[in-house]
Structure formats: structure tokens, C-alpha cells
Amino acid sequence: MANLKEIRNRITSVSSTMQITSAMKMVSAAKLKKAQDAITAMRPYAEKLTELLQNLSATLDGDAGGEFTKQREIKKVLLVVITSNRGLAGAFNTNAIKEAKNRAEFYAGKQVDIFAIGKKGNDTLSKILSVVDNQSSVFDALTFDNVAKIAQTLTDKFVSGEYDKIELIYNQFKNAATQIVQTEQFLPLAPIKSDKPASTGDYIFEPSKEEIVLTLIPKSLKTQLYKGIRDSFASEHGARMTAMHKATDNATELRDQLKLTYNKARQAAITNEILEIVGGAEALKG
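It should be emphasised that the depicted structure is a prediction, and the values quoted were computed from it without experimental measurement. (Residues numbered from 1 in each chain as written. Predicted model: local features only at pLDDT ≥ 70, side-chain atom pairs only at ≥ 80, totals over all residues. Heavy atoms only, no water.)

Draft legend 1. Highlighting the overall build of the protein. Summing up its helical and strand segments, the protein has five helices and five strands in all. For 286 residues, the compact-globule estimate of 2.2 N^0.38 gives 19 Å, and the protein exceeds it by more than 25% at 29 Å. Dimensions along the principal axes, computed over C-alpha positions, put the protein at roughly 115 × 45 × 30 Å. Counting across all 286 residues of the protein, residues that qualify as buried make up 37%. Restricting to contacts in the protein with at least 6 residues of sequence separation, those with at least 24 account for 79%. Counting only carbon and sulfur atoms, one obtains 53% of the accessible surface of the protein, whose full area is about 16,100 Å². Charge-centre separation for the protein: the mean point of 39 positive side chains lies 7 Å from the mean point of 33 negative side chains. (Helix = DSSP H or I, 4+ residues; strand = E, 2+ residues; numbered from the N terminus. Rg over C-alpha atoms; globule rule 2.2 N^0.38 Å. Buried < 20%, exposed > 50% of the residue type's maximum accessible area, 1.4 Å probe, protein only. Contact = heavy atoms within 4.5 Å. Areas by Shrake-Rupley, 256 points an atom, 1.4 Å probe, with all protein chains shown as cover. Lys, Arg positive; Asp, Glu negative; His and termini not counted. Charge placed at Lys NZ, Arg CZ, Asp CG, Glu CD.)

Here it is as C-alpha cells:
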């Protein structure tokens, strides 16, 4: 059994760790509320924009999307992997990185490059795959304008023919305890399918429907990327809050076990001292 000093040191160490994890949990909980409100408020806009694009596209020819819908033979693929800049978030980053590896294996035989958004994804994937860019700084000021610049860069890479397909990989926020890894096709735009009939109202379009669609597509792409990053941002704080909550519970349990061990060891030491005193007294009598 460890001596009393060692046990006391371990209790102090575990208690300090518990205070740190508890503080990190509270910080993530506060940040999660803001991030959750942001993604919840944005989803209706993104869905309405998609619906509007569907209604217009359903009444146009298949090539109305111009360069954005052009299907080319897939030779070069760009995977946009969205992770976080910091760890201690459970399996949050690991799941996205694992999905990126799976997609790279899926496109075996083709050129697969990584466009990293998040330091953790960049650090890990750069060791095994080709990372062409890293935009980790976007989390320092997560605004639509900053994300729009990244979306424009991705769009230019596709339109210029540098890549034949671009996919997004990120964690979708469901709740604080659940994040779902998503893989979405960014470009080319997948054929738009909708169960809802196209709008047949008598509308006058100014400018033409074709021009409206070509204007909406870049806006929709920027919104899609922004929603993905916002989803990932909220998922990160949810995952970290959950991980720190579990870590705090484990530290509390370990501390209680150590205190019990300490009390038993202390009691045993006191008992031995009493026995030695009694034994000494008996020997003097004899």
C-alpha cells in the first residue's frame, strides 16, 4: 500500500484536475448557448434559400447552373475537413478525421487533397495526406464575410478545373451530447430533387430566371459552407462540455476512492502505533 504522503499528493493532484475540468465545462456550456442559438437561427434561412433555388431550377433546363453544375470525370478531389483548433473534446476531431481518411480511401487511385479548416485536422492529416491549405484562423472571427472568402476560393478552384469534385466533412450539431459526422457534396451541385411540385404561380421574373439562379447559386454555396462551420463550432463546444463533464465525474470518483484509501491507511498506521505502545508497556511489566 502506498504511504500516506503519496496518497495525499495524489488527492491534491486529482482535486486540481477536477477544478480545471469543471471550469472548462462551464466555459464550454456558456459558449455552447451562443453557438447553438446562431446555428438554430440560421437553419431556416438556409433551408428557405435551398427551397427557392429548387423551385426556380425545377422549371429550367439541366444546364441552367452553368459551371457550378458541370459534371466532369473525377480525377482530382478536394476534401474540406472542418475540425477545431483545440482538443479535449472527446471524439469530436477524431470522427471527422476518420471520415476524411475513409473518403480518401474511397477515391483511391485519384488525386485527393485536403483543405483544412481547424488546426487539429491540419496537424493530423498533413502527416498522411496532401494538405493544400489551412484556414484555422477563421474561428478567431467567425463571420459570414470571412467564410464567404473561403467559399469563393473553393468555387474558383472548381470552376478553373483545378478540382473535379469538392466535398465538405464536418460534425453536424444535434444536441450537446450528440454530433453526427456529415459528408456533403459542395461542387458540382448535385441534381436538385424535391418531392414538392415546382411553383406554378404567375410570376414576372426580373431579371430572367436563369440569371436569378446563377446569382443564387454562389450565395447558396457560401451559406452551405457557413452553416457547416457553424454546425461544427456548436458541436465542438457540445462535445467539450460533455467530455469535461465526464472527466469531472471520473475525477470526483477517483478522489473519493483515494480519500477512502488514505483513511484506511491512516487508521492502520494508528492501530500499529497503539499495538507497539501496548506491546512495549507489557514488556516493561514483564
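So much for the structure itself; the text now carries on.
Draft legend 2. Examining the sheet that holds strand β4 (residues 165-175) more closely. Ordered in space as β3-β2-β1-β4-β5, the five strands form an open sheet in which the pairing is mixed. The sheet is open, and its two edges are formed by β3 (130-134) and β5 (178-187), each paired on a single side. Averaged over all adjacent pairs, the angle separating strand axes in this sheet is 25°, with direction ignored. As paired elements, strand β1 (residues 76-82) and β4 share five bridges and run parallel to each other. The partner of Val77 across the bridge, within β4, is Lys165. Where helix α5 (residues 209-285) meets the sheet, its contacts fall on β1, β2 (111-117), β4 and β5, and the angle it forms with β4 comes to roughly 45°. (Pairing = 2+ DSSP bridges. Axes fitted to C-alpha atoms, helices over the stretch in contact; angles between N-to-C directions.)

Draft legend 3. Region of the structure containing helix α2 (residues 92-106). For α2, spanning 15 residues, the distance from its first C-alpha to its last is 22 Å, which sits close to the expected 21 Å at 1.5 Å a residue. All of the buried residues along α2 are Phe92, Asn93, Ala96, Ile97, Ala100, Arg103 and Ala104. The buried residues of α2 occupy an angular sector of 120° when projected down its axis, which confines them to one face. Pointing more than 90 degrees away from the buried face of α2 are the exposed residues Lys98, Glu105 and Phe106. Elements in contact with the buried residues of α2: β1, β2, α3 (119-125), β4, β5 and α5. (Expected span 1.5 Å × (residues − 1). Arc of directions from axis to C-beta.)

Draft legend 4. Focus on the nonpolar core. Membership of the largest hydrophobic core comes to 39 residues, with the highest contact counts inside it found for Ile117, Leu154, Ile166, Phe186 and Leu225. Secondary structure elements with two or more residues in this core: α1 (4-57), β1, β2, α4 (144-159), β4, β5 and α5. At ten residues, the largest contribution of residues to this core is made by α5. Setting aside chain neighbours within four positions, we find Leu225 in contact with Ile117, Val147, Ile150, Ala151, Leu154, Leu168 and Phe186. Counting residues in each nonpolar core, the second largest holds twelve residues, with Val77, Ile97, Ala104 and Ala116 among its members. (Core = buried A, V, L, I, M, F, W, Y, C linked by side-chain atoms within 4.5 Å.)

Draft legend 5. Inspection of a nonpolar patch on the surface at higher detail. Among the surface-exposed residues, Ile270, Ile274 and Val278 lie close enough to one another that they form a single nonpolar patch of about 240 Å² accessible area. By the secondary structure assignment, Ile270 is in helix α5. The class for Ile270 is partly exposed, based on a relative accessible area of 38%. (Patch = residues over 30% accessible without salt bridge, like charges linked within 9 Å, V, L, I, M, F, W, Y side chains within 5 Å. Salt bridge = Lys/Arg side-chain N within 4 Å of Asp/Glu carboxyl O.)

Draft legend 6. Looking closely at unusual backbone geometry. Of note, the amide linkage connecting Leu187 to Pro188 takes the cis form, showing an omega dihedral of -5°. Along the chain, Pro188 turns up in the loop between β5 and α5. One non-glycine residue, Leu88, lies in positive phi territory at about 55°. Position of Leu88 relative to the elements: it lies in the loop between β1 and α2.

Draft legend 7. Spotlight on the pairing of β4. Within β4, eight of the eleven residues are buried, which leaves it mostly tucked inside the rest of the structure. For β4 and β5, the ladder comprises nine bridges, and the chain directions are antiparallel. Directly across from Glu167, in β5, lies its bridge partner Gln185. Counting the residues that bridge the hairpin from β4 to β5 gives two residues.

Draft legend 8. Quick peek at the pairing of β1. Of all seven residues in β1, six are buried, a share of seventy percent or more. Bridge analysis of β1 against β2 gives seven bridges, and the strand direction is parallel. Across the sheet, the residue bridging to Lys76 is Gln111, located in β2. One crossover worth recording links β1 to the parallel β2 by way of α2, and it is right-handed. (Right-handed = clockwise from strand over helix to strand, strands pointing away.)

Draft legend 9. Main features of the side chain of Ser136. With respect to the element layout, Ser136 can be found in the loop between β3 and α4. Setting aside chain neighbours within four positions, we find Ser136 in contact with Asn85, Gly118 and Lys119.

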